[in-house]
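Fold and contact review
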Amino acid sequence: SLVYNLPCFAGFVYTIASNPIDPSILAVGAGDSQIRVWRTGGEQLFDVTNIHAKLNQCKVMSLAWHPSREGLLAFGTDEGRVGWVEALGGSRMANFSTAQHRGGVYSVTWGPCVVGEGEGLALYSCGDGKVMQHSMKTGKAIDIQESLDKANGSEGARPAGRSQVLWLEREEGRLLLLGCDDGTIELYRLPSLALAATLKSA
């Protein structure tokens, strides 16, 4: 009979992300302070690598592979930290943003710079009702709400709390989608950051 040594988790599995370049590679974030990279297309049934990444007993709540750099993986934790790591090789040492959310990071994603000019893609995180743009080069982060308010003439208005951030590429251009605590979804066009639509449930 066959006996398999199954990798297991010492906590809840909070997030799974498939690599966009090689979908057979999965990243799994759990409540045991580790990120696991599972190569499902290999000869071994369970080819799993653990990434400890100096996570200090935190829960890994969100993951996002870079769309064009195969091994670059972003992550967010329950304690509000945002980081990135070369998950497929090298030292697998994580880098962290100097900014931190006050609560769990619900989502991380890669997209074009909203604030300032940068080469390549920036990393975005959503937590404690805010969306932040992180620079891998400097490690610094900016809350993008001020730029959205300025572009739409809504300075001084109280924005809805954010619960999700997502970038979409369409024939008509790039869209920034923000999920809000009140159940609405806001669509912003780039590069103007003009609010194109607000979706509300009936």
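Our subject in this report is the structure included herewith.

1. Examining the environment of Val 48
When you line up the elements, Val 48 lands in strand E4 (residues 47-51). On the basis of relative accessible area, Val 48 is assigned to the partly exposed category, the value being 27%. Residues Val 48 and Ala 27 lie 21 residues apart in sequence; the distance between their C-alpha atoms is 9.5 Å.

2. A closer look at the environment of Ser 163
Inspection of the secondary structure puts Ser 163 in strand E13 (residues 162-170). Given a relative accessible area of 27%, Ser 163 falls into the partly exposed group. Ignoring any residue separated from it by four or fewer positions in sequence, one finds Ser 163 in contact with Tyr 106, Cys 126, Gly 179, Cys 180 and Asp 181.

3. Structural notes on the pairing of strand E14 (residues 173-180)
For E14, the tally of buried residues reaches 6 of 8 residues, placing the bulk of the element in the interior. Across 8 bridges, E13 lies against E14 in antiparallel orientation. By the bridge assignment, Val 165 is partnered in E14 with Leu 178. Sheet topology places E14 next to strand E15 (residues 185-189); 5 bridges connect them, and they run antiparallel. Paired with Leu 177 across the two strands is Leu 187, which belongs to E15. Connecting the antiparallel pair E14 and E15 is a turn made up of 4 residues, with Gly 183 showing a positive phi of about 95°.

Calculation rules
Residues numbered from 1 in each chain as written. Predicted model: local features only at pLDDT ≥ 70, side-chain atom pairs only at ≥ 80, totals over all residues. Heavy atoms only, no water. Helix = DSSP H or I, 4+ residues; strand = E, 2+ residues; numbered from the N terminus. Buried < 20%, exposed > 50% of the residue type's maximum accessible area, 1.4 Å probe, protein only. Contact = heavy atoms within 4.5 Å. Pairing = 2+ DSSP bridges.

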